[in-house]
Amino acid sequence: MSIDKNTTLFSRAQQSIPGGVNSPVRAFKSVGGTPVFFEKAKGAYLYDVQGQQYIDYIASWGPMILGHGYEPVVKAIQQQVEKATSFGAPTELEIEMAELIKSMVPNVDLIRMVNSGTEACMSALRVARGYTGRNKFIKFEGCYHGHADPFLVKAGSGVATFNIQTVPGVTAGAASDTLTCAYNDLDAVEKLATDNKGEIAAIIVEPVAGNMGCILPKPGFLEGLRRICDEEGMVLIFDEVMNGFRLALGGAQERLGIDADLVTYGKVIGAGMPVGAFGGKKQIMEVVAPLGNVYQAGTLSGNPVAMIAGLTLLKALKATPELLMELDDKTQYLKDGLEEVLKAWGQPYVINHFGSMLSIHFSNQPVIDFATAAASDTVLFKKFFHALLKRGIYLPPSAFESWFLNNALTVDDLDKTIRAVKESLEEISKRD
Ligand SMILES: *Cc1c(COP(=O)(O)O)cnc(C)c1O
């Protein structure tokens, strides 16, 4: 058998990049096999270094919500590159971006641009701590808020995928102010609030969780967090890095009708460029330097090429709100089709789905938090993943990640996917 180009590149990558990748989940370590190296993408399709085409269900983990190579974004980037790629000084583009976000999103009076979701979340936490003068905060098991030290406690995404219980390098000091409890467990939050009265700065939550697969908030859960924050003087931080500009123009806040105090963004906001943002209510955001003393900065923050990309995408979403509705309808169509073939297959499964986020857990119980997500059959997921990959369907290479649909997907692509899932399930059963 001739060694394929992906295998050659992966061995070469491992000589000079840790694990051969610049972000762990890409390495296929949990699903096994060789990661696919990509060369180009257009619309809903990815093309690897061997010219193999895949239907894309990760959309770069969210940003390519209108498909790859979306013309207006590509053109805008090209034009900006001709003018300048970075100043390290203010531009009008940044004001336009801030104004546009404020016009779309509830509860954002002031917003600061950063370069990633990680930066957005770590900065929002610092702001909440600076504002309240308290150190502790509550996060939920299986939620992921980027890789800053205080968040790497019972985290989702790659930390869950690789079953890393404690992260070496995160000091006990950095982790000791992190309080955790199960997602959807309001009683546990009440107890933490009582046991640590007057010491908790914030609760940070993914309103619709996407880093342990897709997990929906139970009715009353987010409302309960809002109430507890009000009662205890804590800051409610919605991590909308996945949800923002995807679940609605105004994100989860709008779709679920809950007000947050601070909000973090990433992924869609940069249209595929490295962008994040944190913002929120005026009295809280006023602590940020140079207005206040909570220091936060970035050489490339608000970078013009990144700004024009995000701005163009967000403008398109705002100008045509039907786009997000179409995308939701497509996701519903896919979900119905998957439901049909999974039911016929006859083994336990759970499909969680909200808006254009979806995931399949091979589980015989509802998947409502990290414990139930982790109890699902990940061995079966590996086989499922590879059976689909072979058929040209690119899913997230982990049972602990949500699928992200993009609006370039056609009904024909969705039908192909449903057929491929049917064949894959049959193949898995035969091998067992
Ligand atoms: C991806 C993600 C982050 C981290 O964003 P990066 O840009 O990868 O640093 C934070 N929070 C959530 C909910 C995410 O999904």
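Quick caveat, the model's predicted, so the values are computed rather than measured.

Chemist: Which residues make up the overall build of the protein chain, and what values do they have?
Modeler: Along the backbone of the protein chain there are 15 helices and 14 strands. The dimensions of the protein chain, computed from C-alpha atoms along their principal axes, are 60 × 55 × 45 Å. In the protein chain, which comprises 432 residues, the share counted as buried stands at 57%. Nonlocal contacts in the protein chain, meaning residues at least 24 apart in sequence, comprise 73% of its contacts between residues at least 6 apart. When the accessible surface of the protein chain is summed, it comes to about 18100 Å², and 53% of that surface belongs to carbon and sulfur atoms.

Chemist: Tell me about unusual backbone geometry, residues and numbers included.
Modeler: For the bond running from Ala 289 to Pro 290, omega is 10°, close enough to zero to count as cis. Structurally, the position occupied by Pro 290 is in the loop between helix H10 (282-285) and helix H11 (304-319). Not every positive phi belongs to a glycine, and Asn 107 is a case in point at roughly 65°. Of note in this structure, Lys 154 is not a glycine but carries a positive phi near 45°. When you line up the elements, Lys 154 lands in the loop between strand S5 (136-140) and helix H5 (158-161).

Chemist: Residue-level account of the packing of helix H2 (residues 71-83) against H11, with values.
Modeler: Where H2 meets H11, the axes come as close as 9 Å, and the angle between the chain directions of the two elements is 155°. As far as their axial angle goes, H11 and H2 are roughly antiparallel. Seen from above, H2 lies across H11 with right-handed handedness. Only Pro 304, Val 305, Ile 308, Ala 309, Thr 312 and Leu 313 of H11 make contact with H2, whose side of the interface consists of Pro 72, Val 73, Ala 76, Ile 77, Gln 80 and Val 81. Its residues assigned to classes, the contact of H2 with H11 comprises 10 nonpolar, two polar and no charged.

Chemist: Please give an account of the nonpolar core that cites residues and values.
Modeler: In this structure, Tyr 57, Phe 140, Phe 245, Ile 269, Leu 314, Leu 317 and Phe 384 are the most contacted members of the largest nonpolar core, which totals 116 residues. By size, the runner-up hydrophobic cluster in this structure holds 23 residues, among which are Ala 124, Ala 202, Ile 237 and Val 241.

Chemist: An account of the sheet that holds strand S13 (residues 393-394) is needed here, citing residue identities and associated values.
Modeler: Across the sheet, four strands lie side by side as S1-S2-S3-S13; this open sheet has mixed pairing. Sheet topology places strand S1 (38-42) and S13 at the edges, where each strand pairs with a single neighbour. Strand direction decides the pairing type here: strand S2 (residues 45-48) and strand S3 (residues 53-56), joined by three bridges, are antiparallel. Following the sheet pairing, Leu 46 is matched in S3 by Tyr 54.

Chemist: Can you explain the side chain of Ser 376? Please cite residues and give values.
Modeler: Note that Ser 376 resides in the loop between helix H13 (370-374) and helix H14 (378-390). For Ser 376, the side chain forms a polar contact with the main-chain oxygen of Ala 373, separated by 2.7 Å.

Chemist: Provide a residue-level description of the pairing of strand S9 (residues 262-265), including the pertinent values.
Modeler: Both faces of S9 are covered, namely the face carrying Leu 262 and Thr 264 and the face carrying Val 263 and Tyr 265. Bridging between strand S8 (residues 235-239) and S9 involves three bridges; their strand directions are parallel. Following the sheet pairing, Asp 239 is matched in S9 by Thr 264. Handedness of the S8-helix H9 (residues 251-256)-S9 crossover: right-handed. Of the pairings in the sheet, the one linking S9 to strand S10 (residues 276-280) comprises four bridges and is antiparallel in character. Bridged to Tyr 265 within S10 is Ala 277.

Chemist: Could you give me a rundown of the UniProt feature "modified residue: N6-(pyridoxal phosphate)lysine" (unreviewed entry) in the protein chain, with the residues and numbers involved?
Modeler: Under the feature "modified residue: N6-(pyridoxal phosphate)lysine" (unreviewed entry), the UniProt entry names Lys 267. Considering the arrangement of structural elements, one finds Lys 267 in the loop between S9 and S10. Once residues lying within four places of it in the same chain are set aside, the contact partners of Lys 267 are Trp 61, Pro 63, Val 241, Met 242 and Val 275.

Chemist: Before we move on, can you summarise the layout of surface pockets with the specific residues and values?
Modeler: Taken as a whole, the second largest pocket holds about 640 Å³ of empty space. Together, 27 residues line the second largest pocket, and Glu 94, Ile 111, Arg 112, Met 113 and Ser 301 are the ones closest to its centre. For the lining of the second largest pocket, the secondary-structure elements that each account for two or more residues are helix H3 (92-104) and strand S4 (110-114). If you tally residues by element for the lining of the second largest pocket, the top one is S4, at four residues. Across the lining of the second largest pocket, the residue classes break down as 16 nonpolar, nine polar and two charged.

Chemist: Talk me through the site of the ligand; I want residue IDs and the actual numbers.
Modeler: Close to the ligand lie Ser 116, Gly 117, Thr 118, Tyr 144, His 145, Gly 146, Glu 206, Asn 211, Asp 239, Val 241, Met 242 and Lys 267. Measuring from a nitrogen atom of the ligand, one finds a backbone N or O atom of Tyr 144 at 3.1 Å. Interatomic distance of 2.6 Å between a side-chain N/O atom of Lys 267 and an oxygen atom of the ligand. Burial of the ligand by the surrounding chains reaches 83%, relative to a free accessible area of 380 Å². A breakdown of the residues in the shell around the ligand according to their chemical character gives three nonpolar, six polar and three charged.

Chemist: If you had to explain the state of the cysteines to someone new, which residues and values would you point to?
Modeler: Per the stated rule, a full pass over the model turns up zero disulfides. Residue Cys 229 stays outside any disulfide, its sulfur separated by 12 Å from that of Cys 181, the closest cysteine.

Chemist: Report on the sheet that holds S8, specifying residues and quantitative values.
Modeler: Taken in spatial order, the seven strands line up as S4-S10-S9-S8-S7-S5-S6 in an open sheet, and their pairing is mixed. Two strands lie at the open edges of the sheet, namely S4 and strand S6 (178-181), each paired on one side alone. Going across the sheet, the axis of each strand differs from the next one's by a mean of 20°, ignoring polarity. In terms of strand pairing, strand S7 (residues 200-205) meets S8 through four bridges, oriented parallel. Along S8, the bridge assignment pairs Ile 203 with Leu 236.

Cut-off values and rules
Residues numbered from 1 in each chain as written. Predicted model: local features only at pLDDT ≥ 70, side-chain atom pairs only at ≥ 80, totals over all residues. Heavy atoms only, no water. Helix = DSSP H or I, 4+ residues; strand = E, 2+ residues; numbered from the N terminus. Buried < 20%, exposed > 50% of the residue type's maximum accessible area, 1.4 Å probe, protein only. Contact = heavy atoms within 4.5 Å. Areas by Shrake-Rupley, 256 points an atom, 1.4 Å probe, with all protein chains shown as cover. Axes fitted to C-alpha atoms, helices over the stretch in contact; angles between N-to-C directions. Parallel < 35°, antiparallel > 145°, perpendicular 65-115°, else oblique. Left-handed = near helix turned anticlockwise from the far one by under 90°. Nonpolar A, V, L, I, M, F, W, Y, C, P; charged D, E, K, R; others polar. Core = buried A, V, L, I, M, F, W, Y, C linked by side-chain atoms within 4.5 Å. Pairing = 2+ DSSP bridges. Polar contact = N/O pair within 3.5 Å; in protein donor to acceptor, adjacent residues only side chain to side chain. Right-handed = clockwise from strand over helix to strand, strands pointing away. UniProt positions renumbered as here; feature names shortened; annotations may be inferred. 1 Å grid on protein atoms, 1.4 Å probe; cavity = no way out; pocket = protein on both sides within 12 Å on 5 of 7 lines; lining within 4 Å. Points joined across faces, edges and corners; volume = space filled by probe spheres on them. Near = heavy atom within 4 Å. Disulfide = S-S within 2.5 Å.

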